[in-house]
Amino acid sequence: MFQAMGIAMILFACIAFSYLKVDALKQQYENLKALRQALLIIKNEISFSSIELSEAAMTVSNTLSGEMASVFSYVADYLSEHEMADFAQAWEEAKKCAPHRPILSVAADKTMTDFARRAGKMSREIEMENIDKTLSMLESELTTEGEQYIKNKKLIYTLGVGVGLAVLILFI
């Protein structure tokens, strides 16, 4: 009786662990799509209304929903509270306060960190080119991440069920 319950719990734990891993991959993919949307909003705000980055980040946080909205809200708050801070410092602090870490894949995080280091330190025209360059890099990463998500989703589910069944066979 206890052996059967133990086997069922182990099988359930393996499947649940694989589900959590797939959910984390999906969250990173969704965050990358939201980040692309956020940069488009920032580009529009800077080009049409000529507002500061802190105000653009607040507009992004009000427009988006989910985890990226809270990240950009923290960026906007950090920039408004610390007058001498730049966008890169605010981005790094916001990543530390995110509920799920990492919020982005390694490549997307590097792209956004590079963008944050350059943001707000150039003229408006060069700033627009910076955003366009970052958007094109994020587009390629979005395509790659989407393909990897689909492949890894199947792999992780299969591994979770496979390990669970292997443990089941081992205990029988």
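In what follows, the structure referred to is the one given above.
Residues numbered from 1 in each chain as written. Predicted model: local features only at pLDDT ≥ 70, side-chain atom pairs only at ≥ 80, totals over all residues. Heavy atoms only, no water.

*Asks:* Which residues make up the overall build of the chain, and what are the values?
*Replies:* Counting its secondary structure elements, the chain contains six helices and zero strands. Order of helices (α) and strands (β) in the chain, N terminus to C terminus: α-α-α-α-α-α. For a compact globule of 172 residues, the expected C-alpha radius of gyration is about 16 Å, and the chain comes in at 21 Å, more than 25% above that figure. Here the C-alpha coordinates of the chain stretch approximately 70 × 30 × 25 Å along the principal axes. Buried residues in the chain amount to 37% of all 172 residues. (Helix = DSSP H or I, 4+ residues; strand = E, 2+ residues; numbered from the N terminus. Rg over C-alpha atoms; globule rule 2.2 N^0.38 Å. Buried < 20%, exposed > 50% of the residue type's maximum accessible area, 1.4 Å probe, protein only.)

*Asks:* How would you sum up the nonpolar core? Please name residues and give values.
*Replies:* Among the nonpolar cores identified, the biggest contains 41 residues, and Ile42, Phe72, Phe87, Trp91 and Met112 are the most heavily contacted of them. For this core, the secondary-structure elements that each account for two or more residues are helix 1 (2-49), helix 2 (53-63), helix 3 (67-81), helix 4 (87-96), helix 5 (106-118) and helix 6 (124-171). With nine residues, the single largest contributor to this core is helix 1. Phe72 has contacts with Leu35, Ala38, Ile42, Ala57, Val60, Ser61, Phe87, Trp91 and Met112, leaving out every residue within four places of it along the chain. (Core = buried A, V, L, I, M, F, W, Y, C linked by side-chain atoms within 4.5 Å. Contact = heavy atoms within 4.5 Å.)

*Asks:* I'd love a proper account of the packing of aromatic side chains, names of residues and values included.
*Replies:* Inspection of every chain in the model, using the stated rule, returns four aromatic pairs. The interplanar angle of 50° and the centroid separation of 5.9 Å between the aromatic rings of Phe72 and Trp91 together place this pair among those described as tilted. In this pair, Phe72 is assigned in helix 3 and Trp91 in helix 4, connecting sequence segments 19 residues apart. The two residues Phe72 and Trp91 agree in class, both being buried. Summarising the aromatic geometry, the rings of Phe87 and Phe115 are spaced 6.0 Å apart at their centres and angled 80° between planes, so their arrangement reads as edge-to-face. Here Phe87 is found in helix 4, whereas its partner Phe115 is found in helix 5, with 28 residues between them in sequence. Across the pair, exposure class does not vary: Phe87 and Phe115 are buried alike. (Phe/Tyr/Trp six-rings, centres within 6.5 Å; stacked < 30°, edge-to-face > 60°.)

*Asks:* Go over helix 4 with me, naming the residues and quoting the values.
*Replies:* Considered for burial, the residues of helix 4 that qualify are Phe87, Ala88, Ala90, Trp91, Ala94 and Lys95. What you see down the axis of helix 4 is that its buried residues fit within an arc of 160°, all on one side. In this fold, the buried residues of helix 4 make contact with helix 1, helix 2, helix 3 and helix 5. (Arc of directions from axis to C-beta.)

*Asks:* Account for the pattern of salt bridges, with residues named and values stated.
*Replies:* Scanning all chains against the criterion turns up eight salt bridges. Between Glu30 and Lys33 there is a salt bridge, and its shortest N-O distance comes to 3.6 Å. Here Glu30 pairs with Lys33, and both are found in helix 1, just three residues apart, close to one helical turn. Exposure remark for Lys33: the relative accessible area of 31% places this residue in the partly exposed category. Across the pair Lys95 and Glu92 runs a salt bridge, and its minimum N-O distance is 3.2 Å. (Salt bridge = Lys/Arg side-chain N within 4 Å of Asp/Glu carboxyl O.)

*Asks:* Tell me about the environment of Glu83, and name the residues and values.
*Replies:* Here Glu83 lies in the loop between helix 3 and helix 4. Judged by its relative accessible area of 74%, Glu83 is exposed. Between the C-alpha atoms of Glu83 and Val60, which are 23 residues apart in sequence, the distance is 20 Å.

*Asks:* For the environment of Lys154, give the residues involved together with the corresponding values.
*Replies:* Within the secondary structure, Lys154 sits in helix 6. Classification of Lys154 by relative accessible area gives exposed; the value is 59%. Counting along the chain gives 95 residues from Lys154 to Thr59, while the straight-line C-alpha distance between them is 37 Å.

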